[in-house]
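# A look at the structure
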Amino acid sequence: MKTILKSIGLASATAAALAFASPAAAQLTVWEDYTPQQTVIELTYVKVDEGQLDTYLEGLAQTWVKANEVSKSLGQITDYGIYTVPYGSNEVNLVLRINYPNMASLDADKAEYDKFMTAWGNANMANSNKTVREVYNKIRKIKGTYILRELRMNTK
(Lines give C-alpha, C1' and ligand atoms only; values in the text may rest on other atoms or scores of the structure.)
Protein backbone atom coordinates (compact mmCIF):
# COMPACT_ATOMS: atom_id res chain seq x y z
CA MET A 1 0.00 0.00 0.00
CA LYS A 2 2.85 2.40 0.87
CA THR A 3 4.42 1.69 -2.54
CA ILE A 4 1.19 2.54 -4.34
CA LEU A 5 0.83 5.79 -2.39
CA LYS A 6 4.47 6.66 -3.12
CA SER A 7 3.88 6.02 -6.82
CA ILE A 8 0.74 8.15 -6.85
CA GLY A 9 2.56 10.93 -4.97
CA LEU A 10 5.52 10.81 -7.37
CA ALA A 11 3.20 10.85 -10.40
CA SER A 12 1.29 13.82 -8.96
CA ALA A 13 4.48 15.75 -8.27
CA THR A 14 5.76 15.05 -11.78
CA ALA A 15 2.47 16.15 -13.34
CA ALA A 16 2.48 19.35 -11.29
CA ALA A 17 6.07 20.14 -12.30
CA LEU A 18 5.25 19.60 -15.97
CA ALA A 19 2.13 21.74 -15.69
CA PHE A 20 4.23 24.65 -14.43
CA ALA A 21 7.05 24.15 -16.94
CA SER A 22 5.10 23.70 -20.18
CA PRO A 23 3.00 26.87 -20.46
CA ALA A 24 5.98 29.23 -20.04
CA ALA A 25 7.08 28.81 -23.68
CA ALA A 26 3.55 29.25 -24.98
CA GLN A 27 3.18 32.61 -23.24
CA LEU A 28 5.96 34.45 -25.09
CA THR A 29 4.98 37.19 -27.52
CA VAL A 30 7.05 38.28 -30.51
CA TRP A 31 8.37 41.88 -30.27
CA GLU A 32 7.46 41.94 -26.59
CA ASP A 33 9.45 38.99 -25.23
CA TYR A 34 11.79 38.40 -28.17
CA THR A 35 12.74 40.28 -31.32
CA PRO A 36 13.55 38.69 -34.69
CA GLN A 37 16.80 40.24 -35.92
CA GLN A 38 17.18 41.64 -39.43
CA THR A 39 20.47 39.87 -40.22
CA VAL A 40 20.05 36.52 -41.93
CA ILE A 41 22.78 33.89 -41.81
CA GLU A 42 23.25 31.22 -44.46
CA LEU A 43 25.14 28.11 -43.35
CA THR A 44 26.30 25.54 -45.89
CA TYR A 45 27.43 22.20 -44.48
CA VAL A 46 30.13 20.47 -46.52
CA LYS A 47 31.78 17.05 -46.40
CA VAL A 48 35.26 17.36 -47.92
CA ASP A 49 36.96 14.09 -48.86
CA GLU A 50 39.77 12.97 -46.58
CA GLY A 51 43.07 14.57 -47.54
CA GLN A 52 41.40 17.18 -49.75
CA LEU A 53 40.75 20.00 -47.27
CA ASP A 54 43.75 22.10 -48.35
CA THR A 55 42.84 21.63 -52.02
CA TYR A 56 39.28 22.75 -51.31
CA LEU A 57 40.41 25.72 -49.21
CA GLU A 58 42.81 26.80 -51.94
CA GLY A 59 39.94 26.77 -54.41
CA LEU A 60 37.63 28.63 -52.01
CA ALA A 61 40.25 31.35 -51.57
CA GLN A 62 40.22 31.94 -55.34
CA THR A 63 36.45 31.66 -55.87
CA TRP A 64 34.10 31.81 -52.88
CA VAL A 65 36.21 34.17 -50.73
CA LYS A 66 36.95 36.60 -53.59
CA ALA A 67 33.30 36.63 -54.69
CA ASN A 68 32.20 37.29 -51.10
CA GLU A 69 34.71 40.14 -50.82
CA VAL A 70 33.09 41.71 -53.91
CA SER A 71 29.60 41.19 -52.44
CA LYS A 72 30.74 42.67 -49.12
CA SER A 73 32.24 45.75 -50.81
CA LEU A 74 28.89 46.27 -52.59
CA GLY A 75 26.94 45.93 -49.31
CA GLN A 76 25.15 42.79 -50.54
CA ILE A 77 26.51 40.79 -47.58
CA THR A 78 27.86 41.95 -44.23
CA ASP A 79 30.28 39.11 -43.44
CA TYR A 80 31.30 35.55 -44.24
CA GLY A 81 33.42 32.81 -42.70
CA ILE A 82 34.81 29.30 -43.08
CA TYR A 83 34.74 26.89 -40.14
CA THR A 84 36.19 23.42 -39.67
CA VAL A 85 34.32 20.84 -37.64
CA PRO A 86 37.07 19.25 -35.51
CA TYR A 87 34.93 16.45 -34.09
CA GLY A 88 31.50 14.94 -34.41
CA SER A 89 29.85 12.29 -36.52
CA ASN A 90 32.12 13.14 -39.50
CA GLU A 91 29.10 13.75 -41.75
CA VAL A 92 30.26 17.35 -42.12
CA ASN A 93 33.79 18.71 -41.73
CA LEU A 94 33.46 22.26 -43.06
CA VAL A 95 30.82 24.99 -42.68
CA LEU A 96 30.57 28.07 -44.90
CA ARG A 97 28.78 31.11 -43.46
CA ILE A 98 27.42 34.20 -45.19
CA ASN A 99 25.68 37.02 -43.29
CA TYR A 100 23.10 39.02 -45.25
CA PRO A 101 21.76 42.37 -44.03
CA ASN A 102 18.16 41.13 -44.18
CA MET A 103 15.84 38.61 -45.84
CA ALA A 104 15.23 40.94 -48.81
CA SER A 105 18.93 40.54 -49.69
CA LEU A 106 18.14 36.96 -50.72
CA ASP A 107 15.50 38.00 -53.24
CA ALA A 108 16.34 37.92 -56.93
CA ASP A 109 17.35 41.43 -57.99
CA LYS A 110 18.69 42.14 -61.48
CA ALA A 111 20.22 45.49 -60.49
CA GLU A 112 22.19 43.86 -57.62
CA TYR A 113 23.24 40.98 -59.89
CA ASP A 114 24.44 43.46 -62.53
CA LYS A 115 26.45 45.37 -59.89
CA PHE A 116 28.08 42.13 -58.77
CA MET A 117 28.86 41.00 -62.32
CA THR A 118 30.36 44.39 -63.18
CA ALA A 119 32.68 44.13 -60.17
CA TRP A 120 33.32 40.35 -60.39
CA GLY A 121 33.49 40.03 -64.15
CA ASN A 122 32.54 37.31 -66.61
CA ALA A 123 36.08 35.85 -66.59
CA ASN A 124 36.01 35.31 -62.82
CA MET A 125 32.53 33.80 -63.07
CA ALA A 126 33.65 31.40 -65.82
CA ASN A 127 36.77 30.39 -63.84
CA SER A 128 34.69 29.84 -60.68
CA ASN A 129 32.18 27.68 -62.54
CA LYS A 130 35.03 25.66 -64.07
CA THR A 131 36.60 25.13 -60.61
CA VAL A 132 33.27 23.93 -59.23
CA ARG A 133 32.80 21.46 -62.09
CA GLU A 134 36.36 20.18 -62.33
CA VAL A 135 37.53 20.26 -58.71
CA TYR A 136 34.84 20.84 -56.08
CA ASN A 137 32.36 18.31 -57.44
CA LYS A 138 35.06 15.62 -57.20
CA ILE A 139 36.29 16.31 -53.66
CA ARG A 140 33.28 17.49 -51.66
CA LYS A 141 29.57 17.01 -51.15
CA ILE A 142 27.17 19.71 -50.01
CA LYS A 143 25.20 18.20 -47.11
CA GLY A 144 22.75 21.05 -46.71
CA THR A 145 22.22 24.79 -46.70
CA TYR A 146 20.20 26.48 -43.97
CA ILE A 147 18.98 30.02 -43.45
CA LEU A 148 18.94 31.26 -39.86
CA ARG A 149 17.50 34.35 -38.24
CA GLU A 150 18.37 35.14 -34.66
CA LEU A 151 15.59 35.61 -32.14
CA ARG A 152 16.98 37.91 -29.45
CA MET A 153 15.32 37.54 -26.06
CA ASN A 154 14.25 40.90 -24.63
CA THR A 155 15.41 41.41 -21.07
CA LYS A 156 13.14 43.20 -18.68
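The rules behind the values
- Residues numbered from 1 in each chain as written.
- Predicted model: local features only at pLDDT ≥ 70, side-chain atom pairs only at ≥ 80, totals over all residues.
- Heavy atoms only, no water.
- Helix = DSSP H or I, 4+ residues; strand = E, 2+ residues; numbered from the N terminus.
- Contact = heavy atoms within 4.5 Å.
- Areas by Shrake-Rupley, 256 points an atom, 1.4 Å probe, with all protein chains shown as cover.
- Buried < 20%, exposed > 50% of the residue type's maximum accessible area, 1.4 Å probe, protein only.
- Salt bridge = Lys/Arg side-chain N within 4 Å of Asp/Glu carboxyl O.

## As for the overall build of the chain
- Counting secondary structure elements, the chain contains 6 helices and 4 strands.
- Counting from the amino terminus, helix and strand elements in the chain follow one another as α-α-β-α-α-β-β-α-α-β.
- A fraction of 74% describes how many contacts in the chain between residues 6 or more apart in sequence connect residues 24 or more apart.
- As presented, the chain carries roughly 10900 Å² of accessible surface, and 57% of it is formed by carbon and sulfur atoms.

## Notes on the environment of Y34
- Considering the arrangement of structural elements, one finds Y34 in strand β1 (residues 34-48).
- Taking relative accessible area as the criterion, Y34 reaches 21% and is therefore assigned partly exposed.
- With 117 residues separating them in the primary sequence, Y34 and L151 have C-alpha atoms 6.2 Å apart.
- The residues touching Y34, leaving out its near neighbours within four places in the chain, are L28, T29, L151, R152, M153 and N154.

## Concerning the pattern of salt bridges
- Scanning all chains against the criterion turns up 6 salt bridges.
- K143 serves as the salt-bridge partner of E91, at 4.0 Å between the closest nitrogen and oxygen. In this pair, E91 is assigned in the loop between β2 (79-84) and β3 (94-100) and K143 in strand β4 (residues 140-153), connecting sequence segments 52 residues apart.
- A residue is classified by how much of its surface remains accessible, and E91, at 49% relative accessible area, is partly exposed.
- Under the relative-accessibility criterion, K143 is labelled partly exposed at 42%.
- E112 is the partner of K115 in a salt bridge, and the nearest nitrogen-oxygen pair spans 2.9 Å. Of this pair, K115 and E112 both sit in helix α5 (residues 110-120), separated by 3 residues, roughly a single helical turn.
- Judged by relative accessible area, E112 falls into the partly exposed class, the value being 26%.

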